[in-house]
Amino acid sequence: MSDRPFLVLGLFQDADKLVHGIRALKSTYGDKLEAYTPYPIHGIEKELGIPKSHVGKIVLALGLSGLTLALGFQSWVFTTDYQIQFGGKPYFSWASFVPIVFEVTVLLACIVGAVFGMLVLVNKLPHYSHPILSSRSMPKITRDRFALAVSVDTAEDAARAEAALRQAGAPETEVVHGTDEIGSGPLLPLKPVLATVIICVLAGLGTWHLQRLWNKLPLISIMDEQTKVLPFRANAFYPDGQSMRPLVPGTVSRSAEYAAWTTPEEAGQMLVNPLSADSLTLAKGRRGYETHCLVCHGQLGDGTKLLSDKYTGAPANLHQARLKEAPDGHLFAVVTAGKNTMAGYGKDIPAADRWAIVHYVRVLQRALDASDADVQAAQAVAAAAPVAQGGSH
Amino acid sequence: MGKTMLPKLMAGLGLLGVIGAWFAGDSARFSANWFVWSILLLAVALGSLFIVALEHLTRAQWSIVLRRVPERLSGLLPALAVVFAIGAALGLAGNFGWSTPAFREALATEPHLHGKAIWYSSPFFIGRLVFIFAVWLMSWKLLAGGSMKQDETKDPRFSLFAKRFSAPFMWLFAISVTVLTVDWLMGMSPRWFSTIFGVYGFSGIFLSGLAATVLGILHLKKQGRLQEVRPDHLYSLGGFLFAFTVFWAYIAFSQFMLIWYANLPEETFWFHTRLTGGWYPVTFILPILRFIVPFFALLSREVKMDARRLSLVAVLVLVGQALDLYWLIVPELGRGVLFGWQEVAFGLFFTGLGLSLAEARMNVGKDLPEGDPNLDASLHYHL
């Protein structure tokens, strides 16, 4: 700890006398003056000639970045990264973003901007100590005295400053020794650090013990104990004691499919493909085929399965003459109900998609041994309307 | 001289237009315009009365030096009672809000509106209108009149009385302002309801009172009067203006977001009207004018202390309040955005009328409440 005079403090009795003192010494000492007061005195920075603080600008900048960040992040998440429908609202629902935008704006502006700005700009953070804190006058300054401080370098300076302060009306003066260079004090303020460590340890031990206690307490189960009907539970409300109600006789499921046919041959006579073979239908049919049929019937529909040879079933070659001649309804019935070892897909694929798959099977059948005329026709269509190749993606 | 004649000239010119609008025969539009503007002036007077009571209630010392301005502005109330009575007589015979045949029919035929039918029965409606005006006039007489009397008597007991009276006044004010906004603004639509609407109305009323107070002070300062009001006082008023600008946005957005999110048809139609067609741009401009611009303008300390820039913001706040009322009332006529010579005439007439009345009020009593025992503390108020 250096022992040179660092500050001379003059203690005034009230704020007005302090301001008079500042005015008296301003011309001699200029920016070597600083004031320490028990409470903030508005306008004193003007008297001292301290330029306007940048904290306001920092707060504004951080507030605006918080706004942009929160708005941008939410917009990206909800429109691009992870689209979720909430209550039928559009993905970009700015109104639902506002509360979070508000929070983040305030958070960045106040906590990051104002608090950290203050710590660095006002409290001059890398300096964590100042000689005035260990002066005799400090208790008085935090109570009822208004100190005017003059920075000095030498003992002669200090003597002159003391005289000037007394002349300006300060009844008490004190010369404070020391320096505010970084690293002049102990490396860390020991007491606060120790206190923080002790508090953390105590809080940790307390939490550890409490959570052992919590395990023995009954759970908060308000949500579980609602007076409502839960499926597959006993329920005293109904005479039969069951919570689930039996179906009313004659109930028909809205999604059930009515089938008048019993065999594929019959279906071939009765059913007509309701879809036209346009590019959208074919794209849908292709997707359905590749999802459900391709593993067994193969990419081209020729029955070369992708499954291992350990699977001994022999999937049908869709290009055999019998199936080429079979009407659409026949194929539809096989897809729906299955045949031999093939399971029915009626429950897995909606009817419209099964009809689309039938169309796509027709495409495969025609494409495998296409005539020159077919190729020319396909090229002509492709040249005229490139978009019509919708089936390929 | 020319400058002081301007408001009267505006009022005179506007009056010709207003008379023309009356004979043009579009009585629904006439009434809507009448109430947009008379409620704007009422907001100024009521907001000023609220400021006076608030300062008494909290025993605020900083504002004593400028209290005479809101006291004088609340003196617009008797004139506005007349304006409102004329409007009620002209417009309520079946063409405005709750008295239109469509509104009456909805009340009579829709069972869920049965409770509202009682609320909107004519004797009850007119009765509570008279009641709330009586409350306001009495409070004005007690607070502003008593303060002017205190100038002569120097009786400190009035200050104590004003503080005690202001507490029940807050209740009366809250109820009466809710009645005003529910009856005259929300009551434009028979089916719509929003429980936050009274608070929304209050935020606009308080803002209007603050803005008018700022303009009144700066007007007097320009004439070389009321020099005791220093930038410190203006800063505090500007801070109030800033806080309640944010408050308005908070309330307006809360109302909008809850209705938007819940998406109940019985509530959303009100916003749907305002978010479609010609009303969409108006709805878009409103928060910019009422929130974004004044918010950023009032952020800086310099603006709050500078007479010229602060008066610009105050004018903006009043324009925002006028647009807000227009946006609340006119869409309910169901005729799209109405803006023509009639609206301009009404604007001229009521702006001129309000300015002339306020100008005249500014010469009532002394500029400072000299009898207030705490005036000295206010004169030496520092931030």
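Residues numbered from 1 in each chain as written. Chains lettered and ligands numbered in written order. Predicted model: local features only at pLDDT ≥ 70, side-chain atom pairs only at ≥ 80, totals over all residues.

Novice: Just checking my understanding: could you explain the overall build of chain A for this structure?
Specialist: Within chain A, the secondary structure is distributed over 13 helices and four strands. A globule of 393 residues ought to have a C-alpha radius of gyration of about 21 Å, yet chain A, at 43 Å, is considerably larger. Projecting the C-alpha coordinates of chain A onto the three principal axes gives extents of approximately 120 × 70 × 40 Å. The proportion of buried residues among the 393 residues of chain A is 19%. (Helix = DSSP H or I, 4+ residues; strand = E, 2+ residues; numbered from the N terminus. Rg over C-alpha atoms; globule rule 2.2 N^0.38 Å. Buried ≥ 20, exposed ≤ 12 C-beta atoms within 10 Å, placed from the backbone.)

Novice: Quick question: what am I supposed to make of the overall build of chain B here?
Specialist: Within chain B, the secondary structure is distributed over 16 helices and zero strands. Expected size for 383 residues packed as a compact globule is a radius of gyration near 21 Å; at 21 Å, chain B falls within 12% of this value. When the backbone C-alpha atoms are referred to their principal axes, chain B occupies close to 60 × 45 × 40 Å. Within chain B, residue pairs in contact and separated by at least 24 positions form 84% of the contacts whose partners lie at least 6 positions apart. (Contact = placed C-beta atoms within 7 Å.)

Novice: Would you take a moment to explain the domain arrangement of chain A for this structure?
Specialist: How big an interface is tends to be stated in terms of the accessible area lost upon association of its parts. Splitting chain A by domain gives domain 1 (5-177) and domain 2 (264-392). Computed over C-alpha atoms, the centres of domain 1 of chain A and domain 2 of chain A are 77 Å apart. (Domains from an automatic or database assignment.)

Novice: What is the right way to read helix α9 (residues 197-222) of chain B from this model?
Specialist: Given 3.6 residues per helical turn, the α-helix brings residues three or four places apart onto the same face. Given a rise of 1.5 Å per residue, 26 residues ought to cover 38 Å, and the 38 Å separating the end C-alpha atoms of α9(B) matches this to within 8%. Among the 26 residues that make up α9(B), 21 are buried, leaving the element largely enclosed by the rest of the structure. (Expected span 1.5 Å × (residues − 1).)

Novice: Sorry if this is basic, but what is going on with the interface of chain B and chain A here?
Specialist: Of the residues lining the interface, nine residues belong to chain B; the matching set on chain A comes to seven residues. The greatest single-element share of the side of chain B that touches chain A, amounting to five residues, is contributed by helix α10 (residues 231-262) of chain B. Its residues assigned to classes, the side of chain B that touches chain A shows seven nonpolar, two polar and no charged. (Nonpolar A, V, L, I, M, F, W, Y, C, P; charged D, E, K, R; others polar.)

Novice: I tried to follow helix α1 (residues 15-29) of chain A on my own but got confused; where do I start?
Specialist: Residues and elements named next belong to chain A. Spanning 15 residues, α1 covers 19 Å between terminal C-alpha atoms, matching the ideal 21 Å at 1.5 Å per step. Considering bend angle alone, the principal kink of α1 is centred on Arg 23 and spans about 30°. Those residues of α1 that sit buried are Leu 18, Gly 21, Ile 22, Leu 25 and Tyr 29. Where α1 is buried, its residues contact β1 (5-12), β2 (33-36), α2 (44-48), β3 (146-151) and α6 (155-167). (Bend = angle between axes of the 7 residues up to and from the residue.)

Novice: What exactly am I supposed to notice about the nonpolar core here?
Specialist: Note on soluble globular proteins: their nonpolar side chains tend to be buried together. Of all hydrophobic cores here, the largest spans 95 residues; its most connected members are Val36(B), Ala45(B), Leu210(B), Ala211(B), Leu241(B) and Ile329(B). Considering every element that reaches this core, the biggest residue donor is helix α2 (residues 27-57) of chain B, with 19 residues. The contacts of Ala45(B), once residues within four sequence positions are left out, are Leu73(B), Ser74(B), Leu76(B), Leu77(B) and Leu80(B). Residues Phe6(A), Leu18(A), Tyr29(A) and Phe146(A) belong to the second largest nonpolar core, which totals 24 residues. (Core = buried A, V, L, I, M, F, W, Y, C linked by C-beta atoms within 7 Å.)

Novice: Whenever I open this one, the environment of Val337(B) confuses me. Can you help?
Specialist: All names here are of chain B. Assignment of secondary structure puts Val 337 in the loop between α14 (307-329) and α15 (341-361). With 15 C-beta atoms counted inside 10 Å, the residue Val 337 sits in the partly exposed group. Put simply, Val 337 and Leu 107 are 230 residues apart on the chain and 26 Å apart in space, counted from C-alpha to C-alpha. Setting aside residues no more than four positions away along its own chain, Val 337 makes contact with Gly 278, Trp 279 and Val 282.

Novice: Just checking my understanding: could you explain unusual backbone geometry for this structure?
Specialist: Excluding glycine, a negative phi dihedral is what most residues carry, and trans is how most peptide bonds are arranged. Unlike most non-glycine residues, Asn340(A) shows phi in positive territory, near 50°. In this fold, Asn340(A) is placed in the loop between α11 (328-337) and α12 (351-368). Its identity is not glycine, yet Lys154(B) carries a phi of approximately 55°, on the positive side. In this fold, Lys154(B) is placed in the loop between α7 (122-153) and α8 (157-184).

Novice: So what exactly am I meant to see when it comes to the sheet that holds β2(A) here?
Specialist: Each strand in a sheet pairs with another by means of backbone hydrogen bonds, the pair being arranged parallel or else antiparallel. Residue and element names in this part refer to chain A. A sheet is described by the order of its strands in space; here four strands give the open sequence β2-β3-β1-β4, paired in antiparallel fashion. Looking along the sheet, the strands with just one partner apiece sit at the ends: β2 and β4 (172-177). Each strand of the sheet is rotated relative to its neighbour by a mean of 25°, with strand direction disregarded. Judged from the six bridges that link them, β1 and β3 form a sheet pairing that is antiparallel. When the sheet's bridge partners are listed, Leu 9 is paired in β3 with Ala 149. Against the sheet, α1 touches β1, β2 and β3, its axis set at about 15° to β3. Packed on one face of the sheet, α6 meets β1, β3 and β4 and runs near 10° to β1. (Pairing = 2+ DSSP bridges. Axes fitted to C-alpha atoms, helices over the stretch in contact; angles between N-to-C directions.)

Novice: Explain the packing of α9(B) against α14(B) here, please?
Specialist: Packed helix pairs are specified by the crossing angle of their axes together with the interaxial distance, meaning the distance between the axes. Residue and element names in this part refer to chain B. Direction vectors running N to C along α9 and α14 enclose 145°, while the axes themselves pass 9 Å from each other. Every pair of crossing elements has a handedness; the one defined by α9 and α14 is left-handed. Counted together, Gly 204, Leu 207, Ser 208, Ala 211, Ala 212, Val 214, Leu 215, Leu 218 and Lys 221 of α9 and Ala 307, Leu 310, Ser 311, Ala 314, Val 317, Leu 318, Gln 321 and Asp 324 of α14 form the full contact between these two elements. Here the residues of the contact of α9 with α14 sort into 11 nonpolar, four polar and two charged. (Left-handed = near helix turned anticlockwise from the far one by under 90°.)

Novice: Explain the environment of Thr336(A) here, please?
Specialist: Residue and element names in this part refer to chain A. On the secondary structure map, Thr 336 appears in helix α11. On the basis of neighbour counts, which here come to 19 C-beta atoms within 10 Å, the residue Thr 336 falls in the partly exposed class. Contacts of Thr 336, omitting those with residues within four sequence positions, involve Gly 344, Tyr 345, Gly 346 and Arg 354.

Novice: What should I look at first to understand the packing of α2(B) against α8(B) in this one?
Specialist: Residue and element names in this part refer to chain B. Interhelical geometry of α2 versus α8 gives an angle of 160° and a closest axis separation of 9 Å. Taken together, the axis directions place α2 and α8 in an arrangement best described as roughly antiparallel. In the crossing of α2 with α8, the sense of the turn from one axis to the other is left-handed. Residues Phe 35, Ile 39, Leu 46, Phe 50, Ala 53, His 56 and Leu 57 of α2 form the contact with α8, whose participating residues are Ala 162, Lys 163, Ser 166, Ala 167, Phe 169, Met 170, Phe 173, Val 177 and Trp 184. For the contact of α2 with α8, the residue count by class is 13 nonpolar, two polar and one charged. (Parallel < 35°, antiparallel > 145°, perpendicular 65-115°, else oblique.)

Novice: Quick question: what am I supposed to make of the environment of Leu113(B) here?
Specialist: All names here are of chain B. With respect to the helices and strands, the residue Leu 113 is situated in the loop between α5 (101-109) and α6 (114-119). When the 17 C-beta atoms within 10 Å are taken as the criterion, Leu 113 is described as partly exposed. Counting along the chain gives 78 residues from Leu 113 to Arg 191, while the straight-line C-alpha distance between them is 7.4 Å.

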